[in-house]
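Structural description and commentary
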Amino acid sequence: MKKSAYISDILFTFFTAAVFTLCLFRYLGIDLVPALFLALICGALAAAAIGAWLTHKRRRFFLKRSDEALKQKLLLHLSLLSDEKKSALFYNVLRQREDVKRMGKLRLVGQENFYFLNFRFSPVTPDEVAAISRLKTQKQKILLCNEIEESALRLCARLNIQVRAGDDVFRLLRAENALPKTYLGEDVATKKSKFHLRACFAKSNSRRFLVGGALILLSSLITPFPYYYLVSGTLLLVAAACIRIFGYS
């Protein structure tokens, strides 16, 4: 939710509640001044309640977005990770819950469960599920993956193979404090941010700061409140000089 919409909702609630309660209090025979005072209090209380609810809703929304972004980074990281490192990561995680041992690449065996790791960019297919089903074991088979096709998921249900896809894997690693400190694939994002930084502070932008600062300073001559314009214009001129001297070519 944008801040402007947030403030607009609060103001709308305030005026709606205030006008409604003012009419109600006047209908009940209360004098205008006390009725107006009570209506303003009711409007403020209603606005505060709506504001608290919107703030809570907004916080939950951003937390969900943050978790989703972190999950996507994790799944990309797992897809780029080597098979040996994938096995090592989940070996360290799962042994916190049960005694597990490695069995070849991308397979871990616990006391009651047999884990299959399949982290890559394409979803798990029914053929891959069929290959897992051919392994003979009395233990519960569990497939850990990024994503799985619907037909493969239905086949897993028929073959009694549990599936823990992206959301479950993210919750598992976060619960065991095993999320990576650095993620593979972040180098591209870092280079992109550096590119934007260079674009913002390019020497060619100094002219825009100079023109903007000059116009604001000129505006100070015709406004009854010149100090704000003088300070803002001066800051823009200083920024223009600094970018011209220290900016990127």
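Refer to the structure above for everything that follows.
The present account deals with the structure reproduced in this document. The shown structure was predicted, so the numbers you read here are calculated from the model rather than taken from an experiment. (Residues numbered from 1 in each chain as written. Predicted model: local features only at pLDDT ≥ 70, side-chain atom pairs only at ≥ 80, totals over all residues. Heavy atoms only, no water.)

1. Quick look at the pattern of salt bridges
Applicable threshold: Within this document, salt bridges are pairs made up of a side-chain nitrogen of Lys or Arg and a carboxyl oxygen of Asp or Glu, the two lying within 4 Å of each other. Per the convention used, a helix needs a DSSP run of H or I reaching at least four residues, while a strand needs a run of E reaching at least two, with both numbered from the N terminus. Throughout this description, buried means an accessible area under 20% of the type-specific maximum (1.4 Å probe, protein chains only), exposed means over 50%, and partly exposed covers the range between.
Inspection of every chain in the model, using the stated rule, returns six salt bridges. The partner of K71 in a salt bridge is D167, and the shortest N-O contact between them spans 2.8 Å. Here the residue K71 occupies a position in helix α2 (residues 32-80), and D167 occupies one in helix α6 (residues 166-175), the gap between them amounting to 96 residues. Among the ionic pairs, R120 bridges to E128, the shortest N-O distance being 2.4 Å. Relative accessible area serves as the criterion here: at 30%, R120 is assigned to the partly exposed category.

2. Considering the environment of D127
Structurally, D127 is set in helix α4 (residues 126-133). D127 sits in the exposed class, given a relative accessible area of 64%. Distance in space between the C-alpha atoms of D127 and A152 is 7.9 Å, their sequence separation being 25 residues.

3. Section: the packing of α4 against helix α5 (residues 150-158)
Between two packed helices, the angle of one axis relative to the other and the distance separating the axes together describe the packing. Definition in use: Whenever a helix is involved, its axis is fitted only over the stretch in contact; in every case the axis is a line through C-alpha atoms, and angles between N-to-C directions fall within 0 to 180 degrees. What sets the label is the angle itself: under 35 degrees gives roughly parallel, over 145 gives roughly antiparallel, 65 to 115 gives roughly perpendicular, and the rest give oblique. By convention the crossing between two helices is left-handed if the near helix lies anticlockwise of the far one by an angle smaller than a right angle, and right-handed if it lies clockwise. Note on definitions: a residue-residue contact is assigned when non-hydrogen atoms from the two residues lie within 4.5 Å.
The N-to-C vectors of α4 and α5 enclose an angle of 20°; their axes lie 8 Å apart at closest approach. What the angle tells us is that α4 and α5 run roughly parallel. At the point where α4 passes α5, the crossing takes the right-handed sense. In this structure, α4 contributes P126, V129 and A130 to the contact, and α5 contributes S151, A152, L155 and C156.

4. Overview of the nonpolar core
Defined as follows: The nonpolar core is taken to be a set of buried Ala, Val, Leu, Ile, Met, Phe, Trp, Tyr and Cys residues, with the residues joined through side-chain atoms within 4.5 Å.
L78, F90, L94, Y115, F119, L144 and L173 are the most contacted members of the largest nonpolar core, which has 20 residues in total. Those elements giving two or more residues to this core turn out to be α2, α3 (83-94), β3 (113-118), β4 (140-145) and α6. Ignoring anything within four residues of it in the chain, the contact list for F119 reads L78, S79, K86, F90, L144, C145, N146 and V169. Within the second largest apolar cluster, 14 residues are counted, among which are V109, F114, V124 and L143.

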